Number of protein chains: 2
Amino acid sequence: MLHELLAPDLRQTLDEGDDDALREFCEALHPADTAAVLYDLDAATIWRVLKTCRLETRVEIFESLELVTQFDLVHTLSREELSALVEAMSPDDRATLLNKLDDDTVEDLLPLVAQAERADIRRMLLYPEDSAGSIMTTDYASISDDLTAAQALDHLRKQAPDKETIYYVYIVDEQRRLDGVITLRDLILARPTRPVSELMTRDVVSVRVTEDQEDVAHEVGRYDFIAIPVVDEMHRLVGIITHDDIHDILREEADEDAQRIAAVEPLEDDYISAGVRELALKRGRWLTFLAVVAIATGILARAFEDGAERFAWAVFFLPLVLAAGGNAGSQSATLTIRSLSHQAKGRAFPGLKLLGREVFVGLLLGGALGLIGAGSASLFFGLGPIESAVVGVTVLAVVNFGTVIGLLLPIGFDRLGVDPALMSSPLITAIMDLMAVLLYYGVALWAIERLLPLA
Amino acid sequence: MLHELLAPDLRQTLDEGDDDALREFCEALHPADTAAVLYDLDAATIWRVLKTCRLETRVEIFESLELVTQFDLVHTLSREELSALVEAMSPDDRATLLNKLDDDTVEDLLPLVAQAERADIRRMLLYPEDSAGSIMTTDYASISDDLTAAQALDHLRKQAPDKETIYYVYIVDEQRRLDGVITLRDLILARPTRPVSELMTRDVVSVRVTEDQEDVAHEVGRYDFIAIPVVDEMHRLVGIITHDDIHDILREEADEDAQRIAAVEPLEDDYISAGVRELALKRGRWLTFLAVVAIATGILARAFEDGAERFAWAVFFLPLVLAAGGNAGSQSATLTIRSLSHQAKGRAFPGLKLLGREVFVGLLLGGALGLIGAGSASLFFGLGPIESAVVGVTVLAVVNFGTVIGLLLPIGFDRLGVDPALMSSPLITAIMDLMAVLLYYGVALWAIERLLPLA
C-alpha cells in the first residue's frame, strides 16, 4: 500500500529537517493519500509537515484527516494558526469539527476569523446535530433566472474555484428563494442564447434545514443526485449536501443501527477512538438492564422449585432452550430493523404478509431444532419419550415465539415513532429468556404431573 | 407523501382506460416518483401504464422500480417488449437484472438485442458477482489527449446524451489504456486553446475489474469521487462506477454485515422479498449449528451432576451468567466487526491498543454486573456470602472473557482472510455459554468443596 511505502521516506525527510522536500511531498499526492501517510504520526509532527505547504493544500489534507486527529491538532496549534485553518476550511467539514470543540475554544477562536466566515459559522452551529443544516455546505453555485446559458457559464467560471460542486447550479430569486435547478451538463448542451428560465427544472427536490440526515440520505439515494439543496422555512436556499456527505451518513447510520442491535448506545465517533468512560457507560446501561431481566428470569425459575427435583434433567437443556429462542428472535429482529430503516418514508411496511411468513419459517426452524433437541435428550441423556418430548415441544414453541416477537416488537416501536433498532437483539433475547424459562418449566411440570402417571 | 396522493388518481385513470392521461402522468414526474406511485400495483397493471409512455421514460421508470418488481415484469412481457427494454437500459442496471434471470431466459432474449448491446451484455455477465465489473457502466465519456479544451468540450456535447456522467472525462490512448482524467469543471475553467494533455491528471485512481465492490466503495469514499474508472489487467478502460452505485453497495454491505452478525447467511435480495425456502435455509444452518453447541453446553453441565445437589441454587443464576457473557461478547464483536469493515485496506488495525481497553472496560462492566449479581443472590435468594461471591466472581469473569473474545475472534478471522462478520454475535454467545457453564459450575464446586468447610 501507498502509505506503507511512503511513510519511511517521510520519516527520513522529517529527520533531515528538509522543509522543501516536505512541501513537495504534500503537493505531489492526493490530499487523501497524504492524510493516510500522516496517519501514524503524532499531532506535533503532522503539523510540522502541514506547515510547510500552501494554505490551500494544508486545509485539504487537514480535512482528509480523521476527526480525532483533527481534534488532536487543534490542541497543538496556536490560536492564529488555528483560526487561519478554520477560516479556509469548507463550511461542512468546519461545522463538523467545531461541533466537537467545547464552546469556550470556539468563542476564543471566532474573533480571529474573517467577518463573513464568522457569520457562517455562527449560523451553522445553531442547527441541531444530525440535521441537514449541520452537514450541509454553504459553498454552492447559484445564479438568477434572467441569464442566458452562455452568461450562466461565464458566471460559473467566476464562482467555480470556491464552490463544492458546480455540476448542479441553483436558480434563486432576489430573496434567495429556490426557483429551479439546472445541471452543468444541460448548460453545456444548450444553445448559448437560450435563457436559463427555459432550461431549468422548476420542481426542485429539496430538504428542509431541520430534516434528519438519514431522511436526507434516503432522498438523495432515491433520485441518485450528486447534491441536494437545503432550504429554510421560507424556502430560501441556505446550502447543499453533496454525494460524499451521503456516503458518510450511510456509514454512520449503519454503525448506529449495528450498535443499537448489539445493545450499545450509539457512540460519538468510531469504536477505535472511543474512550473507556464512553464505552463503559454506553454498554453498561444496557448490560445492567439486561442483567436485571436475567435475574428476574432466575426468580421466575424459582417458582418451579418445588417440582424441580422431579425434573432435574431439565437444567441440561436450559442452554438449548434459551439459545434457540434468543437466536431465532435476534435473527428476525435484525432483519426487520434493517428493513425498516431502508423503508422509504410514508410507504406502508408489509407487516401482515411478513407475519405469515415468519410463523411458517418459525414452524420449519422450530420443528427441525425441536427434533434435534428431543433426539439428543433421548440419545445423549437417556431421557424417556415424555421428557424428550418436553424438550422438543419447548424448543419448537420458543423458536416460534422468537421469530414472531423479533418481527413484531421492532414494527411496534416503529409505529410508535421510536427507533426500532432500540428493540435490540439482546433485549429480544432477554424477553425470550424470560418466556422460555416460564414455558419450559411449565411444560415440564405439566407433563410430569399429568402425563408421566398415565405412561 | 406524494405517492399516497397520486395513487388514487392513477387508479381512476386506469379504470377509465385513458392512455393519454397515463402517458402524461409518466412524463410529468421524476421517474423515481413514478416508480414509487406504481409500487403497489401488480406487474400487468404497471406494464399497462409503462406501455403508454416513450421508450426513454419507460426505461427510466423501469430502472427505478425495485428489483423484485422488475423481475415480475420480465415474466409478464413478450420477448419483443422485453428485448426492446433491455436494449435501452443502462448497462449497469441491465447487468444487475440479467444476473437475476436464469440463463435460458437470457439466451432466449439475446438474439433480439442489437449487436453492440449484445456484446456488452455478454461481456458484463462474465464478471463475478459483487466485482467491480458486475456493477460498472460502460457508458462513460472518453477522449484522446491530442484535443484542446474547446475541442474536448465539443466532443462531450456529442457524447453527453448517452453517458452516465460527463463530469469526469477519461483520456485513453489508441489501445484504450487509461492515461488521465479531467473534470468538466477544469475543462470549463481552462483557456479554450490549452491542450488536454497539459490539463489532465495523470495519476488516475482506478480499480481493477475483478476488485470486490466493498473495496471499490472504500476507494470512492476516500477520495469523494463522483465516479471511479474500472480497468482490465492491461490497464485498458472498460467502465466506470458512479456515486449512486456506491450508495447501493454501502447499503448492501451494511445489510450483509448485520445479517452475518445476527447469524443469518446474507440474503440474495432484501428481507421483505425473500422466500420461505431461502429464509429457512439461511437461518436454519446457523440455528442448527448453534443448537448443537448449546446441547454440548448441556452435556458439559452434566459433568458436574454429582456435585449439583449441593448447589441447586446455581441454576437460578444460570440465565444471568449466560446473558452477561453473551451480551458483553456480542457488544464487543459487533463494534469490532463494523470497525474492521471500515478499515482502509492495508492499514494496521490497532488490535493491541483495543485489547488493553477492552480488558479495562470488561473489568468495569464485569465488576458492576458482578456486584449486582452477588447482591441479588444475597437479597432475593438469601444465599450466604460464599455462594453470593461465586455468582459475583463468575459474572465478573464471563463479562471479561466476553469482551476479550468478542474483540479477538473477529480480528483473528480478519487476519486469516475470512469475513470477520462470520464471527457472529450468536456464535460468540454460544462460545460464551460453553465457557460460562464450565466456569460457573467449576467455581461453584470449588467454593463449596474448599471454602464452605472452612467457613
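Residues numbered from 1 in each chain as written. Chains lettered and ligands numbered in written order. Predicted model: local features only at pLDDT ≥ 70, side-chain atom pairs only at ≥ 80, totals over all residues. Heavy atoms only, no water.

S.K.: Tell me about the packing of helix α8 (residues 91–100) of chain A against helix α10 (residues 115–126) of chain A, and name the residues and values.
M.R.: All names here are of chain A. Here α8 crosses α10 at 60 degrees, and the two axes come no closer than 10 Å. Viewed along their axes, α8 and α10 adopt a mutual orientation that is oblique. Once α8 is placed against α10, the crossing between them reads as right-handed. Along its contact with α8, which presents P91, D92, R94, A95, L98 and N99, the element α10 presents E117, D120, I121, M124 and L125. (Axes fitted to C-alpha atoms, helices over the stretch in contact; angles between N-to-C directions. Helix = DSSP H or I, 4+ residues; strand = E, 2+ residues; numbered from the N terminus. Parallel < 35°, antiparallel > 145°, perpendicular 65-115°, else oblique. Left-handed = near helix turned anticlockwise from the far one by under 90°. Contact = heavy atoms within 4.5 Å.)

S.K.: How would you summarise the packing of helix α4 (residues 43–51) of chain A against helix α6 (residues 67–74) of chain A if you had to cite specific residues and measurements?
M.R.: Residue and element names in this part refer to chain A. One can describe the packing of α4 onto α6 by two numbers: an axis separation of 9 Å at closest approach and a directional angle of 85 degrees. With respect to each other, α4 and α6 are oriented roughly perpendicular. From α4, A43, I46, W47 and L50 reach across to α6, where they touch T69, D72 and L73. Tallied by class, the residues present in the contact of α4 with α6 amount to five nonpolar, one polar and one charged. (Nonpolar A, V, L, I, M, F, W, Y, C, P; charged D, E, K, R; others polar.)

S.K.: Pulling in residues and values, what's your account of the interface of chain B and chain A?
M.R.: In this assembly, 107 residues from chain B lie in contact with 107 residues from chain A. In total, about 9900 Å² of surface goes out of reach between chain B and chain A, with carbon and sulfur atoms giving 66% of it. Summed over the shared surface of chain B and chain A, the result is six salt bridges. Residues D33 of chain A and R222 of chain B are paired through a salt bridge, measuring 2.5 Å at the closest nitrogen-oxygen approach. Summed over the shared surface of chain B and chain A, the result is 38 residue pairs in polar contact (both at pLDDT 80 or more). (Buried area = accessible area lost by both parts, 1.4 Å probe. Salt bridge = Lys/Arg side-chain N within 4 Å of Asp/Glu carboxyl O. Polar contact = N/O pair within 3.5 Å; in protein donor to acceptor, adjacent residues only side chain to side chain.)

S.K.: So what about the relation of the copies chain B and chain A? Which residues, and what values?
M.R.: With an RMSD of 0.1 Å, chain B superimposes on chain A once it is rotated by 180 degrees and translated 0.0 Å along the axis. Interpreted geometrically, this transformation is the action of a two-fold axis. Same-surface contact between copies: 100% of interface residues of chain B are shared with the interface of chain A. (Least-squares fit on C-alpha atoms with pLDDT ≥ 70 in both.)

S.K.: Residue-level account of the side chain of H247 of chain A, with values.
M.R.: Examined against the element boundaries, H247 of chain A turns out to sit in helix α16 (residues 243–261). Taking the relative accessible area as the measure of exposure, H247 of chain A reaches 15% and is therefore buried. Sequence-distant contacts of H247 of chain A, defined by excluding residues within four places in its chain, comprise A217, G221, I246 and L250 of chain B. (Buried < 20%, exposed > 50% of the residue type's maximum accessible area, 1.4 Å probe, protein only.)

S.K.: Could you give me a rundown of unusual backbone geometry, with the residues and numbers involved?
M.R.: All names here are of chain B. Residue D130 is not a glycine yet carries a positive backbone phi of 70 degrees. For D130, the position within the fold is in the loop between α10 (115–126) and α11 (132–135). Looking at D130, the relative accessible area reads 25%, which means it is partly exposed. Within the chain, H235 stands out as a residue other than glycine whose phi angle is a positive 65 degrees. Secondary-structure assignment places H235 in the loop between β5 (227–231) and β6 (237–242).

S.K.: Explain the pattern of salt bridges to me, using residue names and the numbers behind them.
M.R.: Residues and elements named next belong to chain A. Taken as a whole and judged by the stated rule, the model has 44 salt bridges over all chains. Here D20 ties to R23 by a salt bridge, and the two come within 3.1 Å at their closest N and O atoms. Of this pair, D20 and R23 both sit in helix α2 (residues 19–28), separated by three residues, roughly a single helical turn. With a relative accessible area of 48%, D20 lands in the partly exposed category. Of the charged contacts, one joins R79 and D108 as a salt bridge, the two residues approaching to 3.5 Å between their closest N and O atoms. Here R79 is found in helix α7 (residues 79–88), whereas its partner D108 is found in helix α9 (residues 103–109), with 29 residues between them in sequence. For R79, a relative accessible area of 37% translates into the label partly exposed. Residues joined in a network through salt bridges with shared partners are R94, E117, D120 and R123.

S.K.: Kindly report on the sheet that holds strand β4 (residues 207–208) of chain B, identifying the contributing residues and their values.
M.R.: Residues and elements named next belong to chain B. If you trace the three strands from one edge of the open sheet to the other, you get β4-β5-β6, paired in mixed fashion. The sheet terminates laterally at β4 and β6, the two strands that pair on one side only. Two elements, β4 and β5, share two bridges in a ladder whose sense is parallel. Residue V207 lies in a different strand from β5, and its bridge partner there is V230. Docked against the sheet, helix α15 (residues 213–223) engages β4, β5 and β6, running at close to 135 degrees with respect to β5. (Pairing = 2+ DSSP bridges.)

S.K.: Summarise the environment of D414 of chain B; cite the residues concerned and give the values.
M.R.: Residue and element names in this part refer to chain B. Its location among the elements puts D414 in helix α21 (residues 385–415). Between the C-alpha atom of D414 and that of T288, which follows or precedes it by 126 residues, the distance is 24 Å. Discounting chain neighbours no more than four positions away, the residues touching D414 are L340 and P420.

S.K.: I'd like to hear about the packing of aromatic side chains, residue by residue, with values.
M.R.: Within this structure, the stated rule accounts for 15 aromatic pairs over all chains. Between W286 of chain A and F289 of chain A, the aromatic rings sit 6.1 Å apart at their centres with planes inclined by 80 degrees, giving edge-to-face as the arrangement. Placement of the pair is W286 of chain A and F289 of chain A together in helix α17 (residues 276–302), with a separation of three residues, close to one helical turn. A relative accessible area of 15% means that W286 of chain A is categorised as buried. Ring geometry for Y440 of chain B and Y441 of chain B: centres 5.6 Å apart, planes at 20 degrees, overall stacked. (Phe/Tyr/Trp six-rings, centres within 6.5 Å; stacked < 30°, edge-to-face > 60°.)

S.K.: Break down the environment of M423 of chain A for me, with residues and values.
M.R.: All names here are of chain A. Checked against the element boundaries, M423 lands in the loop between α21 (385–415) and α22 (425–451). Judged by relative accessible area, which is 5%, M423 ranks as buried. Note: C-alpha distance between M423 and E387 (36 residues apart in sequence) is 34 Å. In contact with M423, other than residues within four places in its own chain, are A333, I337, L409, P410, F413 and I428.

S.K.: Tell me what's going on with the side chain of S425 of chain A, and back it up with residues and numbers.
M.R.: Residues and elements named next belong to chain A. Within the secondary structure layout, S425 lies in helix α22. Assessed through its relative accessible area of 11%, S425 is described here as buried. Side chain to side chain, S425 and T334 meet in a polar contact 3.4 Å long.

S.K.: Before we move on, can you summarise the sheet that holds strand β1 (residues 140–143) of chain A with the specific residues and values?
M.R.: Residue and element names in this part refer to chain A. Spatially, three strands are ordered β1-β2-β3 in an open sheet, and the strand pairing comes out mixed. Strands with a single pairing partner mark the edges of an open sheet, and in this sheet they are β1 and β3 (178–183). Ignoring which end each strand starts from, the neighbouring axes of this sheet average 35 degrees apart. As paired strands, β1 and strand β2 (residues 165–172) are joined by three bridges and run parallel to one another. Each residue of the ladder has a partner; that of I143, found in β2, is I171.

S.K.: How would you summarise the nonpolar core if you had to cite specific residues and measurements?
M.R.: Most often, soluble globular proteins have nonpolar side chains that are buried together. Among the nonpolar cores identified, the biggest contains 123 residues, and Y440 and Y441 of chain A together with Y440 and Y441 of chain B are the most heavily contacted of them. Considering each element in turn, this core owes the most residues, twelve residues, to helix α22 (residues 425–451) of chain B. Membership of the second largest hydrophobic core comes to 106 residues, among which are V172, V196 and V207 of chain A together with Y140 of chain B. (Core = buried A, V, L, I, M, F, W, Y, C linked by side-chain atoms within 4.5 Å.)

S.K.: Please provide a residue-by-residue account of α7 of chain A, values included.
M.R.: Residue and element names in this part refer to chain A. Burial in α7 covers these residues: L82, S83, L85 and V86. Seen along its axis, α7 keeps its buried residues to an arc of 160 degrees; they face one direction. For α7, the elements touching its buried residues are α4, α5 (55–64), α6, α8, α9 and α10. (Arc of directions from axis to C-beta.)

S.K.: Run through the pairing of β1 of chain A, naming residues and quoting values.
M.R.: Residues of β1 of chain A alternate between two faces, with Y140 and S142 of chain A on one and A141 and I143 of chain A on the opposite face, all of them buried. For the segment spanning β1 of chain A, helix α12 (residues 149–159) of chain A and β2 of chain A, crossover handedness is right-handed. (Right-handed = clockwise from strand over helix to strand, strands pointing away.)

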